[in-house]
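Remarks on the overall topology
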Amino acid sequence: MSIDEKTELLAQLADARAALLKTASGLSDEQAGARPTVSALCLGGLIKHAASTEAGWVRFIAGNPDRHDLPDGVTWADIAAGTAREFPQWMVDYQNDFRMLSGDTLAGVVQRYAEVARTTEEVVGGISDLSTAQPLPEAPWNEPGATRSVRRVLMQLISETAQHAGHADILRESIDGQTST
């Protein structure tokens, strides 16, 4: 593994984060929570989602993957059918990451993303081999026995963050006609 590769991947992730954050520049909390399209997405929620997703993947590469446990008596089939009598808190939190909730502020959301970015830099900085891989946690969306390397996690984060920056551009243009480009 080359130190240059790690540096380049982290720089690309930082660029993707900056593109996402630029779309919310100068907005009020109300505007950051607005859903100006037929989608349920809002700019603040996209930033919250990107931060939570990155934090989860960083926990994974640090050896502490998120668990996707279900409440007693609830199955994945119940979840898929929408008939579960109870949804796990991690699933509720995931849905709430896409919204600005009461008490959320754009400044707070941006600050949390900056904290996640610092943690990413620290954790990845301490890894000597980007090929280091570990098994993905058991969940219906993960192939049984599948693994992910640190390199692949970073590439996925770059891709997803850049994709959300594009979504955010559309939302911003719908709010006030501005784009980040």
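Taking an unreviewed UniProt entry as the reference, the protein is identified by name as DinB family protein belonging to Kibdelosporangium aridum.

This part takes up helix 6 (residues 106-125). Compared with an ideal rise of 1.5 Å per residue, which puts 20 residues at 28 Å, helix 6 spans 28 Å between its outermost C-alpha atoms and is within 8% of the ideal. For helix 6, the full list of buried residues reads L106, V109, Y113, V116, A117, T120 and V124. For helix 6, the buried positions fall inside an angular range of 105 degrees around the axis, keeping them on one side. For helix 6, the exposed residues lying more than 90 degrees away from the buried face are A107 and E122.

Viewed as axis vectors pointing N to C, helix 3 (residues 43-61) and helix 6 meet at an angle of 20 degrees, and their least axial separation amounts to 9 Å. Comparing the axis directions of helix 3 and helix 6 gives the class roughly parallel. Handedness of the helix 3/helix 6 crossing: left-handed. Together, G44, I47, K48, A50, A51, S52, E54, A55, V58 and I61 of helix 3 and L106, V109, R112, Y113, V116, A117, T119, T120, V123 and V124 of helix 6 make up the contact between the two elements. Class assignment for the residues of the contact of helix 3 with helix 6 results in 13 nonpolar, four polar and three charged.

When pLDDT is averaged across the protein, the result is 93; 98% of the residues are at 70 or more. Per-element confidence in the protein is highest for helix 6, whose mean pLDDT is 97, and lowest for helix 5 (residues 89-96), whose mean pLDDT is 89.

Turning next to the side chain of T23. Within the element layout of this structure, T23 appears in the loop between helix 1 (3-22) and helix 2 (29-33). In this view, T23 contacts L43, A165, A168, D169, R172 and S180; residues no more than four positions away in its chain are not counted.

Turning our attention to the pattern of salt bridges. Taken as a whole and assessed by the stated rule, the structure comprises seven salt bridges. D69 is the partner of R67 in a salt bridge, and the nearest nitrogen-oxygen pair spans 2.9 Å. Look at R67 and you get exposed, because its relative accessible area is 60%. Residue D69 is classed as partly exposed on the basis of its relative accessible area of 42%. As a salt-bridge pair, R172 and D176 come within 3.0 Å of each other at their nearest N and O atoms. Of the two residues, R172 and D176 both sit in helix 7 (residues 150-176), four residues apart, roughly one turn of that helix.

The biggest cluster of nonpolar side chains holds 19 residues, and the ones touching the most others in it are L20, I47, L106 and Y113. When contributions to this core are tallied by element, the ones reaching two or more residues are helix 3, helix 6 and helix 7. With six residues, helix 3 is the largest single contributor of residues to this core. Setting aside residues up to four positions removed in sequence, L106 forms contacts with A24, L27, D29, A32, I47 and M100.

Here we take up the packing of aromatic side chains. By the definition in use, this model includes five aromatic pairs. Seen in terms of ring centroids, W57 and F60 are 5.3 Å apart; in terms of plane orientation they differ by 85 degrees. Their pairing is edge-to-face. With W57 and F60 both in helix 3 and three residues apart, this pair spans about one turn of that helix. We note that W57, like F60, is buried.

Packing of helix 3 against helix 7 brings their axes to within 9 Å, and their N-to-C directions diverge by 175 degrees. Relative to helix 7, helix 3 is oriented roughly antiparallel. For the pair formed by helix 3 and helix 7, the contact residues are L43, L46, H49, T53, E54, W57, F60 and I61 on the first element and V150, V153, Q156, L157, E160, H164, H167, A168, L171, R172 and I175 on the second. Its residues assigned to classes, the contact of helix 3 with helix 7 shows eleven nonpolar, five polar and three charged.

Criteria and thresholds
Residues numbered from 1 in each chain as written. Predicted model: local features only at pLDDT ≥ 70, side-chain atom pairs only at ≥ 80, totals over all residues. Heavy atoms only, no water. Helix = DSSP H or I, 4+ residues; strand = E, 2+ residues; numbered from the N terminus. Expected span 1.5 Å × (residues − 1). Buried < 20%, exposed > 50% of the residue type's maximum accessible area, 1.4 Å probe, protein only. Arc of directions from axis to C-beta. Axes fitted to C-alpha atoms, helices over the stretch in contact; angles between N-to-C directions. Parallel < 35°, antiparallel > 145°, perpendicular 65-115°, else oblique. Left-handed = near helix turned anticlockwise from the far one by under 90°. Contact = heavy atoms within 4.5 Å. Nonpolar A, V, L, I, M, F, W, Y, C, P; charged D, E, K, R; others polar. pLDDT = per-residue confidence, 0-100. Salt bridge = Lys/Arg side-chain N within 4 Å of Asp/Glu carboxyl O. Core = buried A, V, L, I, M, F, W, Y, C linked by side-chain atoms within 4.5 Å. Phe/Tyr/Trp six-rings, centres within 6.5 Å; stacked < 30°, edge-to-face > 60°.

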